[in-house]
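Below, each chain spelled out in residue letters.
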Amino acid sequence: MRDYEKLKIDWPADGVLRIVISEPGRLNAVDRTGHRELAEVWRDAGADDAVRAVLIRGEGEAFSAGGDLSMIEEMTRDHDVRMRVFAEARDIVYNVINCPKPVVSAIQGPAVGAGLAVALLADVSVAGRTARVIDGHTRLGVAAGDHAAIVWPLLCGLAKAKYHLLLCEPVTGEQAEAMGLVSLCVDDDRVHERALEVAVRLANGSAEAIRLTKYALNNWLRLAGPSFDASLAMEFLGFTGPDVAEGVRAVRDKRPPRFS
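Computed from a prediction, not measured in an experiment: that's the story for all the values here. Counting starts from 1 at the beginning of each chain's written sequence and moves along it residue by residue. With the structure being a predicted model, the display of local features is reserved for residues of pLDDT at least 70 and the display and counting of side-chain atom pairs for 80 or more, all residues being used for whole-chain, interface and lining totals. Hydrogens and water molecules were not included; the side-chain quantities draw on all heavy atoms of the structure.

### Some points on the environment of G66
Note on placement: G66 falls in the loop between β4 (64–65) and α2 (69–77). Considering only alpha carbons, one finds G66 and D49, 17 residues apart in sequence, at a separation of 31 Å. The criterion used for residue contact is that any of the two residues' heavy atoms lie within 4.5 Å. The contact partners of G66, leaving out residues within four places of it in the chain, are A29, V30, V112 and G113. Here a strand is any run of E in DSSP of at least two residues, a helix any run of H or I of at least four, and the numbering for each starts at the N terminus.

### Describing the pairing of strand β5 (residues 103–107)
Only protein chains enter the calculation, and the probe is 1.4 Å; a residue is then buried if its accessible area is under 20% of its type maximum, exposed if over 50%, and partly exposed in between. For β5, a buried count of five out of five residues is recorded, marking the element as mostly surrounded by other parts of the structure. Residue alternation in β5 divides its side chains into two sets, V103, S105 and I107 and V104 and A106, and both sets are buried. When strand β3 (residues 53–58) meets β5, the two strands line up parallel, connected through four bridges. What sits directly across from V54, in β5, is V103. The sheet contact formed by β5 and strand β7 (residues 124–128) spans four bridges and is parallel. Bridge pairing in β7 links I107 to A127. Here the rule is simple: two strands pair whenever DSSP picks up at least two bridges between them.

This is how it looks when you write it as structure tokens:
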């Protein structure tokens, strides 16, 4: 595995690659470098014969607070930046889905934006009871596009998906398990331990059987690919419009947005 700037890489157990989203002073918010690396790391993990399972978590007590606001503002001003991030957002989703190694996510604290995409697309997701899963796209003034359309309806049903995605209604880890949004919910202080236990079990299993089972199951997600592609295009169309400026101001001011 090559070195990354915003992702810390280590090997907590034989065959288990651990990826840590690392921006601890900002709740592991993903800036332009972190966003690019979060798209690329799955190809590297898939090509590394030493990797038998992948564990992803955030540094400290948060998974990820989502996209960096400076990056979002840059996207609204610069077409080239917008198209680069568009391609990365697509790659984050499809590269997790197509990664041949099983992926386990350990979700603690807030999980938002690109980080949330990885957390919920993982093959096994382990959430703390008080973790906060939030898809905040519509509050920002853009369509929910980076992963929601491909996976939320399949995991928790269309009615629940619409309620949480249209209203940006938060979901705790406990609620997420009850509605099928995550695989497991455990006490907050056991999240990383339990996720590692699952990753070790996967690493010790038949690599071929697990890889092929994952591939077959993820065909359900591939069937939803056109819905995801449309939602991502609609999200990035929104970055050219007026609402996102108010959405960013509202986040910075820590107030509800006032859309016209």
